[in-house]
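Tertiary structure, described
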Amino acid sequence: MAFRTGISRRMMIRSGFGLRSMSSWWGSVEPAAKDPILGVTEAFLADPVLIKSMLELRDGGFRLRQVVVLISFGLKAMNKWTRLANNFPFPHFSGAYRDDNGKPVVLECVREAERRIAGKLNMEYLPMGGSVNMVEETLKLAYGENSEFIKDKRIAAVQALSGTGACRLFADFQKRFRPDSQIYIPVPTWANHHNIWRDAQVPQRTFHYYHPETKGLDFASLMDDVKNAPNGSFFLLHACAHNPTGVDPSEEQWKEISYQFKVKGHFAFFDMAYQGFASGDPERDAKSIKIFLEDGHLIGIAQSYAKNMGLYGQRVGCLSIQVCSVKMKSKQWLSRVSCSRLARPMYSNPPVQGALIVSTILGDPELKKLWLKEVKVMADRIIGMRTALRENLEKLGSPLSWEHITNQIGMFCYSGLTPEQVDRMTNEFHIYMTRNGRISMAGITTGNVSYLANAIHEVSKSA
Amino acid sequence: MQRGRMMIKWAHDTVRRRFMSTSAAAIDWWNHVDHAPKDPIMSVTEAFLSDTSPNKINLGVGAYRDDDGRPVVLQCVRDGEVKIAGTEFLESVSASVSSKLVEESVKLIYGKDADFIKEGRFAGVQALSGTGACRLFAEFQRRFYPQSKIYLPIPTWSNHHNIWRDAQVPGRTFHYYHPDSKGLHFAALMDDIKNAPDRSFFLLHPCAHNPTGVDPTEEQWREISNLFKVKNHFPFFDMAYQGFASGDLDKDAKAIRIFLEDGHLIGCAQSFAKNMGLYGHRCSCVDAKQAVAIKSQLQHITRAMYSSPPVHGILLVSTILSDPHLKELWKKELKVVGMFCFSGLSPDQVNRLVKEFHIYMTYDGRIRDVNRAGQGGLPVAVYVYEFISHPCLISRLRLGGIGMVNSC
């Protein structure tokens, strides 16, 4: 047998038959386009000047250089070059919170939950729809503690892989059960929204959202687009703390949007990634959803614990869809099961660790109180940094208006810097951000805000 | 003035709300959504959970149980947990942990001295356990070989069909299990390989075939590999049970190493669900020999699915695999003989087992680890034999997946 195999192999090699085709399976695969957000990290890491600055610091050199911060990531420049090189925490997301020392934060309520779970978890599969406890608690956050929809089981909900997973499950669900529909996405939006609906093969349209001149909401155009879309269209809305602009409709504006949605019979899908993070009050941040619910819409929601519980890497979130009017309660299970069917061929069932942390925290009144306190601290710090940045810019005598910094809300600020100005920020000041001018407020600290303001002033003063 | 404004606002809101309630009834968007078909494996567990009999047994889901029927957490995993407890970064694993995991996973399969590992001629990314790894590959296959199909063995894990279907890669089948001999249908398998168009994509189970527990012998693997060379087929291995089949990691990877020696460029999905007991953590690796480009494309696919994989499982696996002491401990704990046995029971017989004995299994007769105590204290194996052969008592049998098939 070995003899026969040997001969076959020799014949292959001599004839060159196998070799040609062997190398050609994936020869045509080109590298994928760089993700506009994640690519910033790579550039930061590859910055030779930054690294040179690190080397200078080893002898306790000039402190200001040390403070060059990756604004998008909020990482305070390390004291030691070796620590940077070997243990650099490679963040996947720019939108990750940092404390006033530029350090990532693990909430105390999370640590406590981990301690309670440690050594007890038996690693078994969760059901396809995920942790029932976690999902129930999560729905209360979005729909209200005493929501009749939850009591009457008129919501189909499954655990999802954070916000991305929740959106993707919905997109797949939309494709499967409304194959002729499209999704209307705001301009601008989180870059990955486009990837998600594209890979789910749901055609995309856009609607006006951001007004570059006012750096606020382009409400009139938004309403026009809502009116002009065909009846019964699907819209993606950011429930609060719009990413990347930080521009949210006012309560009045939300009411008008909801009204127009009723007139047109549109479907509202909310991506709520920052509940609690925007104002510090989760109930307040869910106001837009509450307005739609009161107006009788049947909506869908993607929720994530990445930011507001700091569970980024655990990938914990929830997709919920209100599926039935009062008469059709049993349908709730249909959607839930269908969602699970979409998850089964993707990853079978969701990861357990994060879900357990969430349900431990939300299921314990003391821990939940602690969480609410910690969320407020994070939100307040960001609001504080907005004020500080604006004040610094005004103090520098900038001729431009910076009130949009404090008008906007949440993790991000659309600075209004042009791509060229952003390039100068990077090349001259080693401040990294996405080329649309988005700044992650979480990355600003009392230690670096004046450096940042100075840099922004320098690149924009001649504008 | 203020009150006037408030009155106007109140009036406005009231009118608006009245309009809302008298306008067309709330649209029920998903009225037409039908009940999805039950998953043949998960539904067994659901039925089991709602059964109130104290003697019930679940032989459906492929999750390992100890001799008391309890889920097992390996000691190396507990030790690994202690090591990573309180880890600073929960955002994502560092690049070094990430690449360490991939490297260690790849070494497990291909052997730590494989040339192409040293030369970096492989692309690997973490995935959401075996399902996620297969799905990633299926999406990748469709993207770069949009006209291709996937050949799946009969039978195979039911979710394989769902995965490639949802990735929109048409499925074909090839003969595998021989119901009469309850062994490998080797001749038909080789015929199907020959008859498939050149350069077809095949899904292979490198060890502990799920659901049958039937694996080709080493010689048979060599012949399969040889024929794959002649036909230029692409082999994609779903390695879900490395270490679990024979208790020896290298032995269980033999099929893959045969293909490597023969110069194939393969793909492989590895899962740590079973062999590290990390079912719920969804941790695994997809490898395809060749290219940074491939890796970037795989990451591009995951970005639109879930952005990044869950961190806890990755940290655990990478900690265990890169700590020599923990790795040794893990290998020791892996001395379990394969999980599955294909009983050859018919759906009617399975129904009887459920109704009369409260023993749950999938309708294809798949039994997981037939060593449970059943009603009256007799092992399940006895009931199975009583059932299909004759009603005399057989002494308690210790059945491993592969072993049982050979002795049936």
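Note that the structure is a prediction, hence the values are computed from the model and not measured.

A few words on the packing of helix 20 (residues 419-429) of chain A against helix 21 (residues 449-460) of chain A. All names here are of chain A. The N-to-C vectors of helix 20 and helix 21 enclose an angle of 125°; their axes lie 10 Å apart at closest approach. Taken together, helix 20 and helix 21 sit at an angle that is classed as oblique. Along this stretch, helix 20 crosses helix 21, giving a crossing that reads as right-handed. Along the contact surface, helix 20 presents Gln421, Arg424, Met425 and Phe429, while helix 21 presents Tyr451, Leu452, Asn454, Ala455, Ile456, Glu458, Val459 and Ser460.

For the rest of this paragraph, the subject is the domain arrangement of chain A. Residue and element names in this part refer to chain A. Along its sequence, chain A is carved into domain 1 (109-363) and domain 2 (369-461). Computed over C-alpha atoms only, the centres of domain 1 and domain 2 are separated by 28 Å. With 24 residues of domain 1 at the interface, the matching set in domain 2 holds 22 residues. Between domain 1 and domain 2 the total buried area reaches about 2000 Å² when both faces are included, carbon and sulfur atoms providing 71% of it. Considering only the side of domain 1, the residues that lose the most area to domain 2 are Cys109, Lys215 and Phe277, jointly responsible for 28% of the buried surface there. In this assembly, domain 1 and domain 2 are joined by zero salt bridges. A per-class count over the side of domain 1 that touches domain 2 returns 14 nonpolar, seven polar and three charged.

Bringing the pattern of salt bridges into the picture now. Within the structure shown, the criterion is met by 34 salt bridges over all chains. B:Arg143 serves as the salt-bridge partner of A:Asp199, at 2.8 Å between the closest nitrogen and oxygen. Of the two residues, A:Asp199 sits in helix 11 (residues 191-199) while B:Arg143 sits in helix 6 (residues 129-144), which places them in two different chains. Residue A:Asp199 is classed as buried on the basis of its relative accessible area of 10%. The residue B:Glu261 makes a salt bridge to B:Arg222 at a minimum N-O spacing of 3.7 Å. Taken as a pair, B:Glu261 in helix 11 (residues 254-261) and B:Arg222 in helix 9 (residues 218-231) lie far apart in primary sequence, 39 residues in all. The exposure class of B:Glu261 is partly exposed, given its relative accessible area of 46%. One salt-bridge network, in which partners are shared between bridges, spans A:Glu108, A:Glu112, A:Arg115, A:Arg116 and A:Asp364.

Before going further, it helps to spend a moment on the pairing of strand 7 (residues 201-204) of chain B. Residue and element names in this part refer to chain B. Side chains Phe201 and Leu203 project from strand 7 onto one buried face, and the interleaved Phe202 and Leu204 project onto a second face that is buried too. Bridging between strand 3 (residues 150-154) and strand 7 involves two bridges; their strand directions are parallel. Looking across to strand 7, one finds that Tyr151 is bridged to Phe202. In the sheet, strand 7 pairs with strand 8 (residues 234-239) via four bridges, with the strands oriented parallel. Residue pairing for strand 8: Leu204 is matched across the bridge by Phe237. Tracing the backbone out of strand 7, into helix 9 and back to the parallel element strand 8 gives a crossover that is right-handed.

All names here are of chain A. Strand order across the open sheet formed by seven strands is 1-9-8-7-6-2-3, with mixed pairing between neighbours. Each edge of the open sheet is held by one strand with a lone partner, namely strand 1 (155-160) and strand 3 (204-208). Put simply, the sheet's adjacent strands are angled 25° from each other on average, direction ignored. Pairing of strand 7 (residues 267-272) with strand 8 (residues 300-304), which is carried by four bridges, proceeds in the parallel orientation. Opposite Phe270, over in strand 8, you have Ile301 as the bridge partner. Contacts from helix 12 (residues 219-228) reach strand 3 and strand 6 (234-238) within the one sheet, and its direction differs from that of strand 3 by about 140°.

What counts and how
- Residues numbered from 1 in each chain as written.
- Chains lettered and ligands numbered in written order.
- Predicted model: local features only at pLDDT ≥ 70, side-chain atom pairs only at ≥ 80, totals over all residues.
- Heavy atoms only, no water.
- Axes fitted to C-alpha atoms, helices over the stretch in contact; angles between N-to-C directions.
- Helix = DSSP H or I, 4+ residues; strand = E, 2+ residues; numbered from the N terminus.
- Parallel < 35°, antiparallel > 145°, perpendicular 65-115°, else oblique.
- Left-handed = near helix turned anticlockwise from the far one by under 90°.
- Contact = heavy atoms within 4.5 Å.
- Domains from an automatic or database assignment.
- Buried area = accessible area lost by both parts, 1.4 Å probe.
- Salt bridge = Lys/Arg side-chain N within 4 Å of Asp/Glu carboxyl O.
- Nonpolar A, V, L, I, M, F, W, Y, C, P; charged D, E, K, R; others polar.
- Buried < 20%, exposed > 50% of the residue type's maximum accessible area, 1.4 Å probe, protein only.
- Pairing = 2+ DSSP bridges.
- Right-handed = clockwise from strand over helix to strand, strands pointing away.

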